[in-house]
Amino acid sequence: MGLFAIGDLHFGFAVSKPMDIFGENWKNHSEKIIENWKREVKEGDTVLLPGDISWGMRLPEAAADLDVIDSLPGRKILLSGNHDYWWKSSSRLAGQYPEMAFLKNDAVPWEKSFICGTRGWLCPNERSFTPEDEKIYKREQIRLRLSLDAAMKAGAEDIIVMMHFPPVNEKREPSAFTEILGEYPVKRVVYGHLHGAANHKNALQGERDGILYELVAADYLDFCPKMIL
């Protein structure tokens, strides 16, 4: 049973939000994701979706996208991104989509590991980092710890983390997020949010301090879920 990841689906089946304004490669991106997903992912597999899932502003709009995701092969573990305004209540989402896991301040078991995570936020020393960014940055640290602690209470010895934002700034400098990750038995971190070649080249990739970091934004993966384990 494989573990896949793909972030930034940016589905919009109930809203008008053409993504090809961000580049020709985004043309018909939803169809490409669905086709690739059906080819690569089997029913026994699990897919991590680290944020920016739907352009819907409210759940009735996002439901069209969640219905499509729910119908695709594999178990899905979802995390909210900075554009997922429709995500208000994880318990309500779980009730409506019982076959999908909506990760927030908790942990989800997978094989002998646990999946943890939080949305994250901009890190200090970005081009712009305001006092409001600082508040959200600190709040997301708390949420990351809540998730990791939930896994530890369940006996975790191996943790996989997904975040929407990268856990470092554009210079790939250490952050409070990377410090927290280093305090737990985290083996792998997947994240999205970064789009376009200029941003992709600055992504934190590969092993650092014993943790493997991977960018899984949809356009970076050419809109195909990546098997990470």
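See above for the structure.
Source: prediction; values computed, not measured.

Enquirer: How would you sum up the pattern of salt bridges? Please name residues and give values.
Expert: Scanning the model with the defined rule gives 9 salt bridges in all. Of the charged contacts, one joins glutamate 170 and arginine 127 as a salt bridge, the two residues approaching to 3.5 Å between their closest N and O atoms. Taken together, the residues span a long stretch of sequence, with glutamate 170 in the loop between β7 (159-163) and α5 (176-181) and arginine 127 in the loop between β6 (113-118) and α4 (131-153) at a distance of 43 residues. Residue classification places arginine 127 among the exposed positions, given a relative accessible area of 75%. Ionic pairing is found between lysine 138 and glutamate 134, a salt bridge with its closest N-O pair at 3.7 Å. Within this pair, lysine 138 and its partner glutamate 134 are both found in helix α4, separated by 4 residues, close to a single helical turn. Overall, the relative accessible area of 26% leaves glutamate 134 in the partly exposed class.

Enquirer: Tell me about the pairing of strand β8 (residues 186-191), and name the residues and values.
Expert: Counting buried residues in β8 gives 5 out of 6 residues, a clear majority hidden from the surface. In terms of strand pairing, β7 meets β8 through 5 bridges, oriented parallel. Bridge pairing links isoleucine 159 to valine 186 in β8. Across 4 bridges, β8 lies against strand β10 (residues 211-215) in parallel orientation.

Enquirer: Outline the side chain of histidine 29, supporting the account with residue identities and numerical values.
Expert: Within the secondary structure layout, histidine 29 lies in helix α1 (residues 29-40). Overall, histidine 29 belongs to the buried group, its relative accessible area being 6%. Setting aside its immediate chain neighbours within four residues, histidine 29 contacts Leu9, His10, Phe11, Met19 and Phe223.

Criteria and thresholds
- Residues numbered from 1 in each chain as written.
- Predicted model: local features only at pLDDT ≥ 70, side-chain atom pairs only at ≥ 80, totals over all residues.
- Heavy atoms only, no water.
- Salt bridge = Lys/Arg side-chain N within 4 Å of Asp/Glu carboxyl O.
- Helix = DSSP H or I, 4+ residues; strand = E, 2+ residues; numbered from the N terminus.
- Buried < 20%, exposed > 50% of the residue type's maximum accessible area, 1.4 Å probe, protein only.
- Pairing = 2+ DSSP bridges.
- Contact = heavy atoms within 4.5 Å.

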